[in-house]
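One-letter residues, chain by chain:
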Amino acid sequence: QVHVVESGGGLVQAGGSLRLSCAVSGRTYAVGWFRQAPGKEREFVAAVSISGGRTNYADSVKGRFTISRDNSANTVYLQMNSLKSEDTAVYYCNADHATVVDMASPLRFASWGQGTQVTVSS
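What counts and how
- Residues numbered from 1 in each chain as written.
- Predicted model: local features only at pLDDT ≥ 70, side-chain atom pairs only at ≥ 80, totals over all residues.
- Heavy atoms only, no water.
- Phe/Tyr/Trp six-rings, centres within 6.5 Å; stacked < 30°, edge-to-face > 60°.
- Helix = DSSP H or I, 4+ residues; strand = E, 2+ residues; numbered from the N terminus.
- Buried < 20%, exposed > 50% of the residue type's maximum accessible area, 1.4 Å probe, protein only.
- Lys NZ or Arg CZ within 6 Å of the ring centre and 35° of its normal.
- Pairing = 2+ DSSP bridges.
- Axes fitted to C-alpha atoms, helices over the stretch in contact; angles between N-to-C directions.

Draft legend 1. View of the packing of aromatic side chains. Summed over the entire model, instances satisfying the criterion amount to five aromatic pairs. Judged by centre distance (5.9 Å) and plane angle (65 degrees), the rings of Phe34 and Phe44 are edge-to-face. With Phe34 in strand S4 (residues 30-36) and Phe44 in strand S5 (residues 43-48), the pair connects residues that are 10 residues apart, well separated along the chain. Measuring from centroid to centroid gives 5.5 Å for Phe34 and Phe109, while their planes differ by 70 degrees, and the two rings are edge-to-face. Here Phe109 lies in the loop between strand S9 (89-96) and strand S10 (116-121) and Phe34 lies in strand S4, a separation of 75 residues in the sequence. Like Phe34, the residue Phe109 is buried in the burial classification. Through a chain of ring-to-ring contacts, the aromatic side chains of Phe34, Phe44, Tyr92, Phe109 and Trp112 assemble into a single cluster. One residue, Arg42, lies across the ring of Tyr92, its end atom 4.2 Å from the ring centre. When the ring centre of Trp112 is taken as origin, the NZ or CZ atom of Arg42, which lies over that ring, is 4.0 Å away.

Written out as structure tokens, the structure is:
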């Protein structure tokens, strides 16, 4: 069973950057980042394939966020640049044996970690 731990969140001014980390235990899986803002449903942000060769991004973050992985460290990163106030949310990662397209549905996951809070001040 896969186990993930998110870290790296914090408070940043609009236009700033943060890098989130997702430590993944168990087998190597495709990994996705998701976020949930207060009063809103959890939404897909980005996904990366097992090898790191394929990625998928939500339209709202394309060109600003970059997902990558270091399989030797069992860690997936989300580099977030040009942050906006609407990026404020709790960010979660999750993993599965799936394509980066299939990873875009939060409904495929039955359980979630604690997440990491990202707050962007305007």
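From this point, the narrative continues.
Draft legend 2. Layout of the sheet that holds S5. Spatially, S2-S10-S9-S4-S5-S6 is the arrangement adopted by the six strands of the open sheet, whose pairing is mixed. Only two strands of the sheet have a single neighbouring strand rather than two, namely strand S2 (10-13) and strand S6 (55-57). Each neighbouring strand pair of the sheet contributes to a mean axis angle of 25 degrees, computed without reference to strand direction. Where S4 meets S5, five bridges bridge the pair, whose relative direction is antiparallel. Counterpart to Gly32 in the pairing with S5 is Ala47.

By themselves, these observations are geometric and do not establish any function.
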